[in-house]
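Okay, here's what each chain looks like letter by letter:
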Amino acid sequence: MARSDILVGVEVGTSKVCAVVGETGREGTLRILGVGSAPSRGVRKGEIVDIAIATECVHDALADAETNSDAEIGSVSVAVTGSHIRSFNSRGAILIPSERFEIDEEDVSEVAVKAREVNIPTENAFLHSIIQHYYVDGQDGVLNPIGMVGRRLEADYHIIHGVKTRLQNTLRCIRENGVQLDEVVVNSLASAQAVLDQHQKDLGAVVIDMGGGVTDYIVYENGAVRHSGVLAVGGDHISNDISLGLRIPLTRAEKLKVEEGSTVLGQGTPGEMIVLKNDAGFSGKEVEREMLNTIIHARVREMFELIRKGIESEIPLHLLGAGVVLTGGCSLIKGIKDVAESVFDLPVSLAREAGVSGPKSVLNNPQYSTAIGLIKFTQALRAEEEDPGLFGSVLQKIGGIFRRKG
Ligand SMILES: Nc1ncnc2c1ncn2[C@@H]1O[C@H](COP(=O)(O)OP(=O)(O)OP(=O)(O)O)[C@@H](O)[C@H]1O
Ligand SMILES: [Mg+2]
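Not measured: the values here are computed from a predicted model. (Residues numbered from 1 in each chain as written. Chains lettered and ligands numbered in written order. Predicted model: local features only at pLDDT ≥ 70, side-chain atom pairs only at ≥ 80, totals over all residues. Heavy atoms only, no water.)

## Concerning the domain arrangement of the protein
Annotation of the protein at the domain level lists domain 1 (86-161) and domain 2 (198-351). Computed from C-alpha atoms alone, the centre-to-centre distance between domain 1 and domain 2 is 37 Å. Of the residues lining the interface, eight residues belong to domain 1; the matching set on domain 2 comes to seven residues. Between domain 1 and domain 2, roughly 530 Å² of surface is buried when both sides are summed, and carbon and sulfur atoms account for 49% of that area. It is Asn89, Gln132 and His158 that lose the most area in domain 1 upon contact with domain 2, and together they represent 52% of the buried surface on that side. (Domains from an automatic or database assignment. Contact = heavy atoms within 4.5 Å. Buried area = accessible area lost by both parts, 1.4 Å probe.)

This is the structure:
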């Protein structure tokens, strides 16, 4: 069956719902045709809290995307996140039957099943089972065991799972709009496809996607996913801190953060004030710039420190030679790179979409990394399905309730 060369990635984020439409080329190229977006409602900390309203927002984003890309959207890949998402590393092992010594595709599927024979809560579903390394009779670093001679096949996987019902709500918002689901991918894994190239994955890198309600992160080492996590804290919490700390309405705090906020301390004129004009329901006020930046700095530093602790429990930071890549709307906060550098003691860069063409306004906007990454993930998966010889891809995933349409 001929595959459509139009792929769409949808993120139902806490701040915005966006749908990115891309056209894939035979040589693995990707061109963004257009984006649709709508302010998000009915979503809190990356999860649906009002399905009817969130479905409307998805509708608006899809309609906008169709107009802007001049394409008809029949199916989409969608990102999922939330504090319920968990991950762990697991090893599977099987013995190859004695009548044959050559490892085949079925053995590889079986070893993946073995790695998932661990207890996860009954209400949870597997989302991804990402191959890290194969071992054949104790030999490590095997990229593709198929066809190799061996008696014992082992494999390490990074497994990601989450609460089924909480995940299904996001999927329903899509299906209610009459579009089919291609792939369901966790935010961090999607974003990493957009902002990391293979070289960075090989050297070792962390991607931190700082959104409005959640911060998703993922760690690559030696080309494989080693760790991932979700912090239920994002830019909304920074705005909330500003609102409480400076005693101004939340909407003004959000605007102040975006227009004037920075994490840089001690560089302005001492006592410098920012004038907030009066507005409906707000009589205006002057706030101290240093105070604003102190509030932002404290929350951002705390977020990075929590992530650093999570990563260090799995892998020494010095193994991550390509450092940290920041994306998501919050990565636009001025000075944020310096805070990350001081917390992680690693090189830090702001995301740039790798190997994608299209409007600069889309490619340079870190708020679209997840949706663009969804397209790249789906594109890579399809290429792998069409050419199973591309074995060893980290994109290998498992079936289950979230498998694409039949
Ligand atoms: N120029 C900017 N400076 C500072 N913060 C910004 C800027 N632009 C956007 N933000 C913040 O980025 C956040 C939204 O980012 P993003 O669009 O990546 O979130 P989301 O994907 O909708 O949410 P999530 O992934 O958490 O569910 C908001 O907190 C917003 O205030
Ligand atoms: Mg997001």
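## Digging into the packing of aromatic side chains
Applying the stated criterion across every chain, the model contains one aromatic pair. Relative to Phe344, the ring of Phe304 has its centre 5.7 Å away and its plane inclined at 65°; by these criteria the two rings are edge-to-face. Taken together, the residues span a long stretch of sequence, with Phe304 in helix 8 (residues 289-312) and Phe344 in helix 9 (residues 336-344) at a distance of 40 residues. With relative accessibility at 0%, the residue Phe304 sits in the buried group. When the ring centre of Tyr135 is taken as reference, the NZ or CZ atom of Arg91 above it lies at 4.3 Å. Lying over the aromatic face of Phe126, Arg116 brings its terminal NZ or CZ to 5.9 Å of the ring centre. (Phe/Tyr/Trp six-rings, centres within 6.5 Å; stacked < 30°, edge-to-face > 60°. Helix = DSSP H or I, 4+ residues; strand = E, 2+ residues; numbered from the N terminus. Buried < 20%, exposed > 50% of the residue type's maximum accessible area, 1.4 Å probe, protein only. Lys NZ or Arg CZ within 6 Å of the ring centre and 35° of its normal.)

## Observations concerning empty space enclosed by the protein
On inspection of all chains with the given rule, the structure shows two cavities of 30 Å³ or more. By volume, the largest cavity is sized at about 60 Å³. Every residue lining the largest cavity is listed: Ile85, Arg86, Ser87, Ile160, Val186, Ser188, Asp216, Tyr217, Ser228, Gly229 and Val230. Those elements that provide at least two residues to the lining of the largest cavity are strand 7 (86-95), strand 13 (215-221) and strand 14 (224-231). If one sorts the elements of the lining of the largest cavity by residue count, strand 14 sits on top with three residues. For the lining of the largest cavity, the domains that each give at least three residues are domain 1 (86-161) and domain 2 (198-351). (1 Å grid on protein atoms, 1.4 Å probe; cavity = no way out; pocket = protein on both sides within 12 Å on 5 of 7 lines; lining within 4 Å. Points joined across faces, edges and corners; volume = space filled by probe spheres on them.)

## Thoughts on the pairing of strand 14
In terms of residue burial, strand 14 counts as a mostly covered element, since six of its eight residues are buried. By the bridge criterion, seven bridges tie strand 13 to strand 14 in an arrangement that is antiparallel. Among the inter-strand pairings, Ile218 is bridged to a residue of strand 14, identified as Ser228. In this antiparallel pair of consecutive strands, strand 13 and strand 14, the connection spans two residues, and Asn222 shows a positive phi of 55°. (Pairing = 2+ DSSP bridges.)

## Comments concerning the sheet that holds strand 9 (residues 139-142)
Strands sit in the order 7-10-8-9 across an open sheet of four strands; the sheet is antiparallel. Of all the strands in the sheet, the pair left with one neighbour each is strand 7 and strand 9. Strand-to-strand twist across the sheet, computed as the mean angle between neighbouring axes with direction ignored, equals 40°. Relative to strand 10 (residues 152-163), strand 8 (residues 124-136) runs antiparallel, the two sharing 11 bridges. Residue pairing for strand 10: His133 is matched across the bridge by Asp156. (Axes fitted to C-alpha atoms, helices over the stretch in contact; angles between N-to-C directions.)

## Points about the side chain of Ser243
Tracing the backbone shows Ser243 in helix 6 (residues 235-246). When its relative accessible area of 13% is taken as the criterion, Ser243 is described as buried. Here Ser243 is in contact with Ile248, Pro249, Leu250 and Ala253, once residues within four sequence places are set aside.

## A short note on the site of ligand 1
Around ligand 1 lies a shell of 22 residues, among which Thr14, Ser15, Glu254, Lys257 and Gln367 are the nearest. About the coverage of ligand 1: the protein hides 92% of its 660 Å² of free accessible area. The cavity where ligand 1 resides is the largest pocket. Ranked by residue count, the leading element in the shell around ligand 1 is helix 7 (residues 250-260), at three residues. For the shell around ligand 1, the residue count by class is five nonpolar, 12 polar and five charged. (Near = heavy atom within 4 Å. Areas by Shrake-Rupley, 256 points an atom, 1.4 Å probe, with all protein chains shown as cover. Sits in = over half its atoms within 2 Å of the grid points. Nonpolar A, V, L, I, M, F, W, Y, C, P; charged D, E, K, R; others polar.)

## A word on the sheet that holds strand 11 (residues 180-186)
If you trace the five strands from one edge of the open sheet to the other, you get 3-2-1-6-11, paired in mixed fashion. Pairing within the sheet leaves two strands with one partner each, and these edge strands are strand 3 (30-39) and strand 11. Neighbour-to-neighbour, the strand axes of the sheet open up by a mean angle of 20°, direction not taken into account. Bridging between strand 2 (residues 16-24) and strand 3 involves nine bridges; their strand directions are antiparallel. For Glu23, the partnering residue across the bridge sits in strand 3 and is Arg31. This element, helix 4 (residues 187-195), spans strand 1 (6-12), strand 6 (75-80) and strand 11 of the sheet and lies at about 90° to strand 11. Sheet strands touched by helix 11 (residues 369-386): strand 1, strand 2, strand 3, strand 6 and strand 11. Its angle to strand 1, the strand with the most contacts, is close to 135°.

## Regarding the side chain of Thr14
With respect to the element layout, Thr14 can be found in the loop between strand 1 and strand 2. Look past the residues within four positions of Thr14 in its chain and what remains in contact with it is Ser40, Val43, Arg44, Lys45, Gly46, Gly212, Gly213 and Asp236.

## Observations regarding the UniProt feature "domain: SHS2" (unreviewed entry) in the protein
Per the UniProt record, "domain: SHS2" (unreviewed entry) is found at residues 7-195. When the span residues 7-195 is considered, its composition is 27% helix and 43% strand, and the gap between its end C-alpha atoms is 18 Å. (UniProt positions renumbered as here; feature names shortened; annotations may be inferred.)

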